[in-house]
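Observations on chain architecture
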Amino acid sequence: MSNIFDYIDWRGDLSVKNDKFNNVDALILSRLSYLPFDNIVPAEFDKGISIYNAANELFKNDSYKKNILWDGDTDLLKYTACNPRFDHMMLSGYVNIIEHNEKMQFSALIIEIEKNRYYISFRGTDNSIIGWQEDFNMYYMFPLPSQKKAVTYLEQAAKALSGTFILGGHSKGGNLAVYASAFCSPEIQDRTEAIFNHDGPGFDSKVIAEYGFQSIKNKIHTFVLQTSIFGMMFEHEEDYVIVKSNQKGFLQHDIYSWEIRRTNLTELNSMTNTSLFFDHTIKQFVSELGVEQRKEFIDGVFSLLESAESKTFDELGENFIKNSSAIMKTIKNMDSKTRKLILSTLLSFIKCAKNNFSDINPLKKENKKHKKSQKQ
């Protein structure tokens, strides 16, 4: 089955003017914000560099490789830089911030699809420990620092640029795109054509009930995988499309495994029982914890990771023995209350997982029910 590289080979010679912007184009542009364009793409909104020239700058030496998150990202940039549909698109407004004090990881860029029409691409979680901690902070904190930053970024872009916007992102980036659209001014909402959430988390029911969210709900295009884990976190009141992947489990989060049919993503009627199992388990687990307990647990776990003095998970793995020793030492020196909280919370999660696993038949029934509703 075809993937996004096959799509670019097939459609790459046609401009957006000759063949209208579609869901696969949105997925591609959502992923471009993951490229390490530091010191290449201007931070200013009114200055830009084409995808073709940005690629040439990035590939001048091999130093970029250490900042590439997924192997397919390099090929994606090469493909888009060499095809007329994308090569001339201008990149601007690049920002890449990691703030340890605020526990924030935020990155985004502007892609000019055609004159006065822009795609704002929000990067999802990178491999930084801070980025992952901010994701887990969703369970006790709202809004996240990156969500507030996304609104500010959108407002600044709208002030600097005339025309219309499409917002999108993969993983946490999709959540940021939706949040920024929901909490910006009505004037910017009117200038927003569509919002794409590619397997990103949803929101708490209180957020969904907000007027701003309801105002843009019909513009949201949400895509989750048949075994979606990240994309099914929290709630999705908007309709969502279940996408077919050629991978299994967590690996389905990789967009390069998503199957493409002509100008659209290949759709399925239902999710797997594994996705429903994780969805039920996590929601039940969180509902049984108070907000303060969630905070203390998350802070405790990530304080253990920080004790290894590694900034990324790659660094954590490179010195595994040394880092493991540092983490074990921290556990030993941790006060008994915190240590007991972490252990009891982990046991609580295991209990929830065990209960949901034994209740697999009800999950199968719900999956069939969802499948039926999708066909209606």
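Coordinates for the structure precede this section.
So, a few notes on the structure that sits alongside this text.

Considering the environment of Gln214
Along the chain, Gln214 falls in helix α10 (residues 211-216). With 24 residues separating them in the primary sequence, Gln214 and Glu238 have C-alpha atoms 9.4 Å apart.

Description of the packing of aromatic side chains
Enumeration according to the criterion identifies 18 aromatic pairs in this entry. Note on Phe106 and Tyr153: the rings are 6.0 Å apart at their centroids and 65° apart in plane angle, and the pair reads as edge-to-face. Of the two residues, Phe106 is situated in strand β3 (residues 104-114) and Tyr153 in helix α6 (residues 145-160); the sequence distance between them amounts to 47 residues. A relative accessible area of 4% places Tyr153 in the buried class. With a centroid separation of 6.1 Å and an interplanar angle of 70°, the aromatic rings of Phe203 and Phe213 are classed as edge-to-face. Residue Phe203 is located in the loop between β6 (192-198) and α9 (205-208), and its partner Phe213 is located in helix α10; the two are separated by 10 residues in the primary sequence. Classification of Phe213 as buried rests on a relative accessible area of 2%. The structure contains a cluster of three or more aromatic residues connected by ring pairs, namely Phe142, Tyr179, Phe183, Phe203 and Phe213.

Concerning the sheet that holds strand β4 (residues 117-122)
Reading across the sheet, the 9 strands line up as β1-β2-β3-β4-β5-β6-β7-β8-β11 and stay open at both edges, with mixed pairing between neighbours. Where the open sheet ends on each side, the last strands, each with one partner, are β1 (49-50) and β11 (267-268). In this sheet, strand β7 (residues 220-225) lies alongside β6 in parallel orientation, the contact comprising 4 bridges. Within β7, the residue paired with His198 across the bridge is Phe223.

Looking at the pairing of β3
The element β3 is extensively covered by neighbouring structure, given that 9 of its 11 residues are classed as buried. In terms of strand pairing, strand β2 (residues 90-99) meets β3 through 8 bridges, oriented antiparallel. Directly across from Glu99, in β3, lies its bridge partner Met104. The turn linking β2 back onto β3 is made up of 4 residues, and Lys103 within it adopts a positive phi angle of 55°. With 6 bridges connecting them, β3 and β4 associate as antiparallel partners. In the sheet register, Leu109 faces β4, and the bridge partner there is Ser121. Between the end of β3 and the start of β4, which pair antiparallel, lie 2 residues, with Asn116 showing a positive phi angle near 60°.

What counts and how
- Residues numbered from 1 in each chain as written.
- Predicted model: local features only at pLDDT ≥ 70, side-chain atom pairs only at ≥ 80, totals over all residues.
- Heavy atoms only, no water.
- Helix = DSSP H or I, 4+ residues; strand = E, 2+ residues; numbered from the N terminus.
- Phe/Tyr/Trp six-rings, centres within 6.5 Å; stacked < 30°, edge-to-face > 60°.
- Buried < 20%, exposed > 50% of the residue type's maximum accessible area, 1.4 Å probe, protein only.
- Pairing = 2+ DSSP bridges.

Function cannot be read off these values alone, since they describe shape.
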